[in-house]
Amino acid sequence: MALVGLGAIGVGAHLPALLRHPGVELTGLVDVDAARRARAAELVSGRLPTFASLDDLPAVDAVVVATPPWVTPVLARTVLERGGYVLVEKPVATSVEAATSILDLPPELLGRLQVGLTYRHDPAIARLRTWIEQRRLGDGPILVRAHIYDEVRDEADAAHLALIGTTLEHGSPALHEGSHVFDWLSHVLGGDGRLEDGWAVRTAADLAAPNLVGGRLSYPDGSQALVEFGWFTTALPPCELTFVGDAATVRLDGHTFDLTITGRDGEDVVRFEGERVPRSFDRQLDAFVGGIQSGSRRLSPTWEEGLRALAASEALDRRVRATPAGVDGGRWAR
Ligand SMILES: NC(=O)c1ccc[n+]([C@@H]2O[C@H](COP(=O)([O-])OP(=O)(O)OC[C@H]3O[C@@H](n4cnc5c(N)ncnc54)[C@H](O)[C@@H]3O)[C@@H](O)[C@H]2O)c1
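In this text the structure is predicted, and so the values were computed from the model without any measurement.

Definitions and cut-offs
- Residues numbered from 1 in each chain as written.
- Predicted model: local features only at pLDDT ≥ 70, side-chain atom pairs only at ≥ 80, totals over all residues.
- Heavy atoms only, no water.
- Phe/Tyr/Trp six-rings, centres within 6.5 Å; stacked < 30°, edge-to-face > 60°.
- Helix = DSSP H or I, 4+ residues; strand = E, 2+ residues; numbered from the N terminus.
- Near = heavy atom within 4 Å.
- Polar contact = N/O pair within 3.5 Å; in protein donor to acceptor, adjacent residues only side chain to side chain.
- Nonpolar A, V, L, I, M, F, W, Y, C, P; charged D, E, K, R; others polar.
- Contact = heavy atoms within 4.5 Å.
- Buried < 20%, exposed > 50% of the residue type's maximum accessible area, 1.4 Å probe, protein only.
- UniProt positions renumbered as here; feature names shortened; annotations may be inferred.
- Pairing = 2+ DSSP bridges.
- Axes fitted to C-alpha atoms, helices over the stretch in contact; angles between N-to-C directions.
- Salt bridge = Lys/Arg side-chain N within 4 Å of Asp/Glu carboxyl O.
- Domains from an automatic or database assignment.
- Buried area = accessible area lost by both parts, 1.4 Å probe.
- Parallel < 35°, antiparallel > 145°, perpendicular 65-115°, else oblique.
- Left-handed = near helix turned anticlockwise from the far one by under 90°.

Our focus in this paragraph is the packing of aromatic side chains. Counted by the stated rule, this structure contains four aromatic pairs. Ring geometry for Tyr-119 against Phe-281: centres 6.4 Å apart, planes inclined by 80°, an arrangement best described as edge-to-face. A residue pair is termed long-range when its members are at least 10 positions apart, and Tyr-119 in the loop between strand S6 (113-116) and helix H6 (123-133) and Phe-281 in helix H9 (residues 276-293) qualify at 162 residues. Geometrically, the ring pair formed by Trp-184 and Phe-257 is edge-to-face, given 5.5 Å between the ring centres and 80° between the ring planes.

In structure tokens, the structure reads:
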């Protein structure tokens with residue numbers, strides 16, 4: 001197996017998971033950036049060859065692609081066309097249009113692509129879905145409040161300022177963070193949401209897109225979701241999701257994925273073993289390896305699920321970027 005993209009999530013989460021997995025033999029590390037290659041080589045004490053391009057890899061039987069979404073679909077296509085299996089980071093592209101035009105491939109090839117909706121594999125999401133299915137929150141629709149805040153703005157960290165600056169040129173936080181959240185919501189609420197409205201605030205003039213954005217979605221069973229995505233302020237509000245039903249309220253801690261359910265009988269906190277990030281990346285990789293070993297024709301989360309999560313993120317991103325200046329923290333725009 002090979003890893004392409006040796007940036008923050010590539011070396012921070014995928015590489016350790018690949019090195020930990022007993023069923024994985026890692027054969028190469030790829031990045032266009034020489035400094036990134038050198039740093040990754042150092043992390044594995046020079047035990048693995050590094051390459052400047054996916055095209056230089058001698059074998060592409062299975063590849064993890066952890067590159068930005070404006071690069072990912074082209075690399076995924078190369079792997080699939082060369083007969084390999086591929087696990088691609090979310091979002092799968094910057095738009096459904098880009099994703100489907102670049103990955104215009106037959107279903108049997110797309111079945112060998114697993115989308116990196118990493119936290120779908122976490123036991124907390126499975127438990128939440130079970131509680132909702134078992135009506136522990138109540139018989140009627142529920143209200144979801146999703147407060148997704150990340151990426152503290154630190155003027156002393158030039159590399160991070162540049163990364164977030166570039167990322168915002170390709171879309172608001174709704175586009176980049178939305179895939180995970182819209183996937184969880186569809187998964188636990190049993191259907192896709194319809195975007196009803198959106199809002200946006202740009203807290204600094206130098207940002208290419210509004211950095212605080214949100215919207216309201218309605219779900220087939222009448223449930224409503226109020227979602228907020230926020231990046232790049234000096235201090236961030238708590239990152240958490242709350243699910244409010246007639247019989248109980250559940251809080252999902254966005255950092256730990258601890259679940260707190262509060263109902264008539266009081267409060268119960270459910271914690272899962274291990275830390276959220278390595279736990280979910282290990283489980284995601286295990287699903288990828290298991291799918292390959294069993295000769296699966298349809299890895300999960302599927303390409304279609306990746307597209308649906310992207311479509312929801314894109315719809316909100318488009319809505320909030322079109323928000324009139326008067327509502328978009330208006331004074332910067334004038
Ligand atoms: N699953 C998750 O929880 C999670 C978390 C963070 C980021 N992500 C996603 O992972 C992706 C990467 O994010 P990041 O923060 O690691 O970004 P990053 O910029 O730190 O890393 C991306 C790396 O890809 C390399 N790259 C670019 N084009 C390439 C090419 N053609 N061939 C080989 N390498 C190439 C870059 O040089 C860079 O080292 C993004 O899509 C992001 O949304 C997912």
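After presenting the structure, the write-up continues.
Here we come to the site of the ligand. Lining the immediate surroundings of the ligand are 24 residues, of which Ala-8, Ile-9, Asp-31, Arg-36 and Thr-118 lie closest. Asp-31 places a polar side-chain atom, nitrogen or oxygen, 2.6 Å from an oxygen atom of the ligand. Lys-90 places a polar main-chain atom, nitrogen or oxygen, 3.1 Å from an oxygen atom of the ligand. Broken down by class, the residue content of the shell around the ligand amounts to 13 nonpolar, six polar and five charged.

What follows deals with the side chain of Asp-253. Tracing the chain through its elements places Asp-253 in strand S12 (residues 248-253). A distance of 2.7 Å separates the side chain of Asp-253 from the backbone nitrogen of His-255, its partner in a polar contact. In contact with Asp-253, other than residues within four places in its own chain, are Cys-239 and Asp-258.

What follows is about unusual backbone geometry. Cis geometry marks the peptide bond from Lys-90 to Pro-91; its omega dihedral reads -15°. Locating Pro-91 in the fold gives a position in the loop between strand S5 (85-89) and helix H4 (96-102). A cis amide bond links Ser-300 with the next residue in sequence, Pro-301, at an omega value of 0°. With phi around 65°, Arg-135 is a residue other than glycine that occupies positive phi space. Following the sequence through the fold, Arg-135 ends up in the loop between H6 and strand S7 (143-150). Among the residues examined, Arg-135 registers a relative accessible area of 47% and is labelled partly exposed. The backbone phi angle of Phe-257 is positive, close to 65°, even though this residue is not glycine.

Glancing now at the UniProt feature "domain: Gfo/Idh/MocA-like oxidoreductase N-terminal" (unreviewed entry) in the protein. The sites that carry the UniProt feature "domain: Gfo/Idh/MocA-like oxidoreductase N-terminal" (unreviewed entry) are, in the present numbering, residues 2-116. Segment residues 2-116 splits into 38% helix and 18% strand. End C-alpha atoms: 15 Å apart.

Quick look at the sheet that holds strand S13 (residues 259-263) now. The sheet built from eight strands is open, its strands ordered S8-S9-S10-S7-S11-S12-S13-S14 with mixed pairing. Looking at the sheet topology across the chains shown, the edges are occupied by strand S8 (194-201) and strand S14 (266-270). Going across the sheet, the axis of each strand differs from the next one's by a mean of 10°, ignoring polarity. Sheet topology note: the strand S11 (residues 240-244)/S12 ladder contains five bridges and is antiparallel. Note that in S12 the partner of Thr-242 across the bridge is Arg-251.

Turning our eyes to something else, we now look at the pattern of salt bridges. Using the criterion set out here, one finds 17 salt bridges in the structure. Of the charged contacts in the structure, one is a salt bridge between Arg-120 and Asp-183, with a shortest N-O distance of 2.8 Å. With Arg-120 in the loop between S6 and H6 and Asp-183 in helix H8 (residues 173-189), the pair connects residues that are 63 residues apart, well separated along the chain. The pair formed by Arg-120 and Asp-183 is uniform in burial state, with each residue classed as buried. Between Arg-153 and Asp-206 there is a salt bridge, with its nearest N and O atoms 3.1 Å apart. Separated by 53 residues along the polypeptide, Arg-153 in the loop between S7 and helix H7 (158-169) and Asp-206 in the loop between S8 and strand S9 (212-218) bring together distant segments of the chain. You can call Arg-153 buried: its relative accessible area is 16%.

Along its sequence, the protein is carved into domain 1 (2-119) and domain 2 (120-275 + 311-332). For domain 1 and domain 2, the distance between their C-alpha centres works out to 26 Å. At the junction of the two partners, domain 1 supplies twelve residues and domain 2 supplies 16 residues. Roughly 1,300 Å² is buried in total at the junction of domain 1 and domain 2, and carbon and sulfur atoms are behind 64% of that figure. Broken down residue by residue, the surface that domain 1 buries against domain 2 is led by Trp-70, Leu-117 and Tyr-119, which jointly contribute 50%.

The next subject is the packing of H8 against helix H10 (residues 303-321). Between H8 and H10, the least distance of the axes is 8 Å, while the angle of their chain directions is 135°. In terms of orientation, H8 lies oblique with respect to H10. Here the hand of the crossing between H8 and H10 comes out right-handed. Contacts between H8 and H10 involve Ala-174, Leu-175, Gly-178, Ser-179, Phe-182 and Asp-183 from the former and Ala-309, Leu-310, Ala-312, Ser-313, Glu-314, Leu-316 and Asp-317 from the latter. When its residues are assigned to classes, the contact of H8 with H10 shows seven nonpolar, three polar and three charged.

This part covers the sheet that holds strand S4 (residues 62-65). Read from one edge of the open sheet, six strands run S3-S2-S1-S4-S5-S6, paired in parallel fashion. Only two strands of the sheet have a single neighbouring strand rather than two, namely strand S3 (50-51) and S6. Strand direction decides the pairing type here: S5 and S6, joined by four bridges, are parallel. When the bridges of S6 are listed, Val-86 appears paired with Leu-113.

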